[in-house]
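Here are the chains, one letter per residue:
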Amino acid sequence: MEQPSLSSDTQELSESEESVYSGLEDSGSDSESSGSAEEEEEEEEDEDEEEDEEESSGSPSAPQTQARGFPGQRRSLQDDSPLDEYEQDSSDEEDIRNTVGNIPMEWYQDFPHVGYDLDGRRIYKPLRSRDELDLFLEKMENPEYWRTVQDRQTGADVRLSEEQLELVQRLQRGQFGDVNFDPYEPSVDFFSHEVRIHPVTNRPADKRSFIPSLVEKEKVSKLVHAIKMGWIQPRKPKENVPTFYDLWAQEDPNSILGRHKMHVPAPKIPLPGHEESYNPPPEFLLSPEEKLAWEQQDPSERRLGFIPQKFRSLRAVPAYSRFIHERFERCLDLYLCPRQRKMRVNVDPEDLIPKLPRPRDLQPFPTTQALIYRGHSSLVRTLSVSPSGQWFASGSDDGSVRLWEVSSGRCLRSLTLGAVVRSVAWNPNPSICLLAVALEEQVLLVNPGLGDRLLVAATDQLLDSWEAPEEERVQPVRWIPASPEERAKGIRLLVQHDKPVTQVTWHAKGDYWASVVRNPGGRQVLIHQSSRRWSQDPFRKSPGMIQCVQFHPLRPYFLVASQRSVRIYNLLRQELTKKLQSNCQWISSMAVHPGGDNVICGSYDSKLAWFDLDLSTRPYRLLRHHRRALRSVAFHRRYPLFASGSDDGTVIVCHGMVYSDLLQNPLLVPLKVLKGHAPALDLGVLDVAFHPHQPWLFSSGADGTVRLYT
Amino acid sequence: MAQLTARFRTENRRFAVEDVPFSVPATSETADLSQLINKLLAAAHEDHKYVEFDFLINGQFLRLPLVTHMEMENISTEEVVEIEYVEKYMAPQPEECIFHDDWISSVQATEEWILTGCYDQTARIWSVEGKSIMTIAGHTEVVKDVAWVKQDSLSCLLLSASMDQTVLLWEWNVEKNKVKALHCCRGHAGSVESVAVDCTRTKVSDFWKETFVFLPTDEEDEMEEATPLATLSGHTEAISSVLWLDAEEICSASWDHTIKLWDAETGDLKSTLTGNKVFNSVSYSPLCRRLASGSTDRHIRLWDPRSKDGSLVLLSLTSHTGWVTSVKWSPTHEHQLISGSLDNIVKLWDTRSCKAPLYDLAAHEDKVLCVDWTEAGLLLSGGADNKLYCYRYPATASDVGA
């Protein structure tokens, strides 16, 4: 009231009872005594107000002053009394009536009191017997209800005063609680760029500010010494020279986009001859008829693009009439010149050849002809090596089967059979001494009588131990025991087919064998069991013209090569397992790798197809080494070798390494061309076979010999 | 270089020349040097007759012009080269050609008789003059090998091995000219390819795949089956040749690329020599203690049977063009051996000249299957042309010293 700075609000408030105590500055006017008396009254009345004060008392000054604004009645009085003032300022806790502290007041819900005062006495909740209805009625009837709040620490209802309401509203509006606080006061800039007369602080200046620094002196003396000695060059003035950048400095002249690479040389123009001369010899000048013909010719057909002219001197030569025209054409040429250079790909043909190991590193393999087995008088169609590797059998067109000793080239036995021997097959089981011979429409099972006598006898016993079944079964062939004369020759059984037999082959166990019959459209393949004398036709319908068949060396599969494809049947499940497409015109022969996962096929169109059964049904590799039709292919049982014999009289030995690692494809390297057989009757090598243990190769040819290569 | 300085020396006193360096033309060959020595000898001795000499430089026969040889052998031509000379070995003189009915698979000769095994299932005894004395028929299959066991003036014991899986021991009464089969040795499960008799003439070994050692008993009155003393199994393939090194050791060569040495007493494997080709034949010389093997890759290789690491080839003699089917050391000369091959040629080798043989005996018209060399200097070779050729190989005076 005394202070002119008070706002109008406070002036208005001052009219009420409490307004007297509202400000901070308006303290001094009231008397001590009255203030203290009133203070005590107030304390008793509004305990909750004090609680508010206590809460806010810890916070910084501005809100505190605000908070103190409205309960100021008592405060201002305290301010006046020096004792009270100290009491107020000494501690925050002093005003607290309830000593429970800052705890959830729900804990006192069930008690009649809400805490304890400083002396340890209970502070009792005000008596509250109002129910919902009373509350509702009060809400409806009490006009002060909206400004009544409950003090949770005492449980008493408090009616907010006008000043408290205003404070709440100001805070809700986001304004400062203190009415007198001006947030937009102009600030005083003490530390400005302007030099003031008086210092900001009254601190005396440092001594170092007026005493020269020894450290700097030392540093300067060092620099001066360095300059004297020439160690430091004083800075040169910058020369004002413009800098340039070479745009193409980084450009690789050899790059495709390099400018020199893009240079297209102009086409060479033929040098001028006599015709271009200003004074050509008369024979180069055109006669009138020629000139007429020249004019009638199409410009593109003319031999000369101009008519030779004769001038008496160089001075008389007129200006070139086609100058503009020619310039234009030249510009047109430049404009239309193809900017895209066609880069010719330079490939060294050596790089295209795959890197193969040298044959010398793949020893051993047959390299030279060692022995010639002579004796047959006609072409030797077929041969088969015994599982011991000591003998082999050969069948010829002269109607005989000969048994040879490998090491000496001696013919030990000769069976004259009187018809073309199409195929011989030695039983692969070392404990059975048996040879199957395909002779016209018969297959003879011959005991060659070589090797261990016990084995020979055991084989005979095995064949003779057969007993006729009680009921006769219908068989596609007839099994005929040999007559005594035939038995003396070694023949034990005759299997009579109805058509000429072209091939016989044994199963690895040595009991089953298969025969191929030339019977297009009808029954072509038969599987026989020699111990039970039982034959069967495995196929209901014939799969084309069958060239040859093979038993799988390990699994119960049966491979059938027809003209263009190889079918693999599962004999146990009696179903087609796989069909290999050979990309050849006409398969002539087939061999199965002893590991069982690879098959090679020779064809009459001089190709050899290697199939990897794990890889694909198409050939893994198609080898075209021979110049004429392949007649026979063979795998070695132990060494990674395979061979093919052809009509051109050569045998080609190749390295065929099969890896157990499934990720690695077979390695095929052609090793050696073995020559020796003389072509006869347009045929060369007819059959090839490997020695079972040694890296030796047998080949039989149309010249009636069998040759051994080692 | 036109001239070389050479010093000549010889073991033979009779042909010794002065021990001074001579200057000889660098391109001179054996004939020139031989002439030079003869001239020197003629100057020294009045009664000297012309003798052909052969020359050795560092133990190698001189076969090329002197300078070429020295370049090949990396001998310095600056220094004085020492040349040893020996009397030239005379060419073997053909003596007999004995005709057989079939291929000759094996031959073994003594001083008086020649025993041959033949593919017509017989073994034959011939006199060294080529007269047929006896034909022993008893096998039912091809006779693959024959061997003398014992010889004296009245009766001889001999063995024949055959493809019918038996070895027969025969007693041949010389005076009555009768043979009697004493024992039949069975036990093989294949044809018997080779048979060997040990030095003391009591034990016999043979085989196909396994080696059996038989001890023939002395009972003579009936033909008895002999049982094997020991079975030496270890070869994985056919055994092509077997022999006794001495009384305790047996050596066998096989198609599985190994030569194995066995202890005859215990039957244990002592050591293995590993080659890389099939062995066809093996021969041992007690004079130089070397094994010679003939294999299918046309080389003759010399081995030291005592070497432990087993795969060391001392020397290989290469001149044949086909399989070497049989080799035989000279019983009297430590450097010489004879070999027969499928290229129809029998070659006489000196180990001091491994590039070229001493002599080629090219009489056969077909494969040579067996060779033999007797102590009397008789070279024998039989082959697929049904002929057994005999050569007389004169032992030169220098042989005696060697």
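Residues numbered from 1 in each chain as written. Chains lettered and ligands numbered in written order. Predicted model: local features only at pLDDT ≥ 70, side-chain atom pairs only at ≥ 80, totals over all residues. Heavy atoms only, no water.

**Section: the overall build of chain A**
Counting secondary structure elements, chain A contains 14 helices and 33 strands. Within chain A, counting contacts between residues at least 6 apart in sequence, those at least 24 apart form 48% of the total. Accessible area of chain A: about 44,900 Å², with a carbon and sulfur share of 53%. (Helix = DSSP H or I, 4+ residues; strand = E, 2+ residues; numbered from the N terminus. Contact = heavy atoms within 4.5 Å. Areas by Shrake-Rupley, 256 points an atom, 1.4 Å probe, with all protein chains shown as cover.)

**Points about the interface of chain B and chain A**
Contacts between the two partners involve 24 residues from chain B and, on the opposite side, 26 residues from chain A. Summed over the three residues of chain B that lose the most area to chain A, namely Glu237(B), Trp255(B) and Trp323(B), the buried surface amounts to 28% of that side. The interface formed by chain B and chain A holds three salt bridges in total. Between Glu405(A) and Lys144(B) there is a salt bridge; the shortest N-O distance is 2.5 Å. Connecting chain B to chain A are eight residue pairs in polar contact (both at pLDDT 80 or more). By residue class, the composition of the side of chain B that touches chain A is ten nonpolar, six polar and eight charged. (Buried area = accessible area lost by both parts, 1.4 Å probe. Salt bridge = Lys/Arg side-chain N within 4 Å of Asp/Glu carboxyl O. Polar contact = N/O pair within 3.5 Å; in protein donor to acceptor, adjacent residues only side chain to side chain. Nonpolar A, V, L, I, M, F, W, Y, C, P; charged D, E, K, R; others polar.)

**A word on the confidence of the model for chain A**
Residue and element names in this part refer to chain A. Mean pLDDT for chain A: 79, with 84% of residues reaching 70 or above. Of all the helices and strands in chain A, helix α4 (residues 61–67) carries the lowest mean pLDDT, 39, while helix α9 (residues 214–229) carries the highest, 94. Note that pLDDT drops below 50 for residues 1–83; the model gives that stretch 86 contacts with residues more than four away or on any other chain. Contacts from residues 90–94, a stretch scored under 50 in pLDDT, to residues over four places away or in other chains number four contacts. (pLDDT = per-residue confidence, 0-100.)

**Some thoughts on the nonpolar core**
Val401(A), Leu417(A), Leu435(A), Val437(A) and Leu444(A) are the most contacted members of the largest nonpolar core, which totals 26 residues. Mapped by element, the contributors of at least two residues to this core are β7 (391–396), β8 (400–405), β9 (410–416), β10 (421–426), β11 (435–439), β12 (442–446) and β14 (491–496) of chain A. Those residues in contact with Leu444(A) that sit more than four places away from it in its chain are Leu417(A), Leu435(A), Ala436(A), Val437(A), Leu439(A), Ile491(A), Leu493(A) and Leu494(A). By size, the runner-up hydrophobic cluster in this structure holds 23 residues, among which are Leu4(B), Ala6(B), Phe55(B) and Val67(B). (Core = buried A, V, L, I, M, F, W, Y, C linked by side-chain atoms within 4.5 Å. Buried < 20%, exposed > 50% of the residue type's maximum accessible area, 1.4 Å probe, protein only.)

**Quick look at the sheet that holds strand β10 (residues 132–137) of chain B**
Sheet strands pair via backbone hydrogen bonds, and the direction of the pair is either parallel or antiparallel. Residue and element names in this part refer to chain B. Ordered in space as β7-β8-β9-β10, the four strands form an open sheet in which the pairing is antiparallel. Either end of the sheet is taken by a strand with one partner, and the two such strands are β7 (104–109) and β10. Across this sheet, the average inter-strand angle for adjacent strands is 20 degrees, counted without regard to direction. (Pairing = 2+ DSSP bridges. Axes fitted to C-alpha atoms, helices over the stretch in contact; angles between N-to-C directions.)

**Quick notes on the pattern of salt bridges**
One pass over the full model with this rule turns up 29 salt bridges over all chains. Note that Arg628(A) and Asp682(A) form a salt bridge whose closest N and O atoms lie 3.4 Å from each other. Placement of the pair is Arg628(A) in the loop between β26 (621–623) and β27 (630–635) and Asp682(A) in the loop between β30 (667–675) and β31 (685–690), with a sequence separation of 54 residues. Residue Glu249(B) is joined to Lys270(B) by a salt bridge in which the shortest nitrogen-to-oxygen separation is 3.3 Å. Here Glu249(B), found in strand β21 (residues 249–254), pairs with Lys270(B), found in strand β23 (residues 269–274); they are 21 residues apart in sequence, far enough to count as distant. Exposure remark for Glu249(B): the relative accessible area of 15% places this residue in the buried category. Through salt bridges with shared partners, a single ionic network connects Glu144(A), Arg147(A), Arg159(A) and Glu162(A).

**Notes on the sheet that holds strand β30 (residues 346–350) of chain B**
Residue and element names in this part refer to chain B. An order of β28-β29-β30-β31 is seen for the four strands of this open sheet, with the pairing classed as antiparallel. For this open sheet the edge positions go to β28 (324–329) and β31 (359–361), each flanked by a neighbour on one side alone. Averaged over neighbouring strand pairs, the angle between their axes works out to 20 degrees when direction is ignored. Two elements, strand β29 (residues 336–341) and β30, share five bridges in a ladder whose sense is antiparallel.

**Section: the UniProt feature "repeat: WD" (unreviewed entry) in chain B**
Residues and elements named next belong to chain B. Residues annotated by UniProt as "repeat: WD" (unreviewed entry) correspond here to residues 136–171, 232–272, 281–304 and 317–353. Helix makes up 0% of residues 136–171 and strand 67%. Its end C-alpha atoms lie 11 Å apart. Measuring from the first to the last C-alpha atom of residues 281–304 gives 16 Å, for a span that is 0% helix and 67% strand. (UniProt positions renumbered as here; feature names shortened; annotations may be inferred.)

**What about helix α1 (residues 30–44) of chain B?**
Because an α-helix packs 3.6 residues into every turn, residues spaced three or four apart end up facing the same way. Residue and element names in this part refer to chain B. If you check α1, its first and last C-alpha atoms are 21 Å apart, about what 15 residues at 1.5 Å a residue would give, namely 21 Å. Those residues of α1 not exposed but buried are Thr-30, Leu-33, Ser-34, Ile-37, Asn-38 and Leu-41. End-on view of α1: buried residues confined to an arc of 140 degrees, all on one side of the axis. Opposite the packed face of α1, turned more than 90 degrees from it, sit the exposed residues Lys-39 and Ala-43. (Expected span 1.5 Å × (residues − 1). Arc of directions from axis to C-beta.)

**Quick word on the packing of aromatic side chains**
A full pass over the atoms with the stated rule returns 25 aromatic pairs over all chains. Arranged with centres 5.5 Å apart and planes meeting at 75 degrees, the rings of Trp610(A) and Phe635(A) form a pair that is edge-to-face. Residue Trp610(A) is located in strand β25 (residues 608–612), and its partner Phe635(A) is located in strand β27; the two are separated by 25 residues in the primary sequence. For the pair shown, Trp610(A) and Phe635(A) are each scored as buried. Relative to Trp172(B), the ring of Trp148(B) lies with its centre 6.4 Å away and its plane at 45 degrees, an arrangement referred to as tilted. Of this pair, Trp148(B) sits in strand β11 (residues 143–151) while Trp172(B) is found in strand β13 (residues 167–173), placing the two residues 24 residues apart along the sequence. Side by side, Trp148(B) and Trp172(B) carry an identical accessibility label, which is buried. One aromatic cluster is present, built from ring pairs that chain together Tyr373(A), Phe392(A), Trp404(A) and Phe698(A). Against the face of Trp294(A) rests Arg302(A), its NZ or CZ located 3.9 Å from the ring centre. Positioned above the aromatic ring of Trp103(B) is the side chain of Arg410(A), whose terminal nitrogen or guanidinium carbon lies 5.1 Å from the ring centre. (Phe/Tyr/Trp six-rings, centres within 6.5 Å; stacked < 30°, edge-to-face > 60°. Lys NZ or Arg CZ within 6 Å of the ring centre and 35° of its normal.)

**A few points about the confidence of the model for chain B**
Low pLDDT means the predicted atomic positions in that stretch should not be read closely. All names here are of chain B. When pLDDT is averaged along chain B, the result is 77; 88% of the residues meet or exceed 70. Mean pLDDT across the secondary structure elements of chain B bottoms out at helix α3 (residues 397–401), with 41, and peaks at β28, with 88. Every residue in residues 206–211 scores below 50 in pLDDT, and together they form 42 contacts with partners more than four places removed in sequence or on other chains. Ignoring residues within four places in sequence, the model shows residues 214–225, a span with pLDDT below 50, making 35 contacts including any to other chains. At the level of chain-chain contacts, confidence expressed as ipTM amounts to 0.82, with global pTM at 0.64.

**A word on the pairing of strand β26 (residues 299–303) of chain B**
Residues and elements named next belong to chain B. The buried fraction of β26 amounts to five of the five residues, a majority that puts the element mostly inside the structure. On β26, burial covers both faces: His-299, Arg-301 and Trp-303 on one face and Ile-300 and Leu-302 on the other are all buried. Sheet analysis places strand β25 (residues 290–295) next to β26, joined by four bridges and oriented antiparallel. Bridge assignment links Ser-293 to a residue of β26, and that residue is Arg-301. Hairpin geometry of β25 and β26 is characterised by an intervening segment of three residues between the two adjacent antiparallel strands and by a positive phi of about 65 degrees at Arg-298.

**Looking at the environment of Leu348(B)**
Residues and elements named next belong to chain B. You can see Leu-348 is positioned in strand β30. Separated by ten residues in sequence, Leu-348 and Leu-358 have C-alpha atoms that sit 5.5 Å apart. The contact partners of Leu-348, leaving out residues within four places of it in the chain, are Pro-92, Leu-337, Pro-357, Leu-358, Tyr-359, Trp-373 and Tyr-393.

**As for unusual backbone geometry**
Here the amide bond leading from Gln363(A) into Pro364(A) is cis, since omega sits at -5 degrees, within 30 degrees of zero. Note that Pro364(A) resides in the loop between α12 (349–352) and β5 (369–373). Notably, Ser606(A) is not glycine yet its phi reads approximately 55 degrees, a positive angle. One can find Ser606(A) in the loop between β24 (598–603) and β25. Taking the relative accessible area as the measure of exposure, Ser606(A) reaches 17% and is therefore buried. One non-glycine residue, Arg289(B), adopts positive backbone phi at about 55 degrees. One can find Arg289(B) in the loop between β24 (279–285) and β25.

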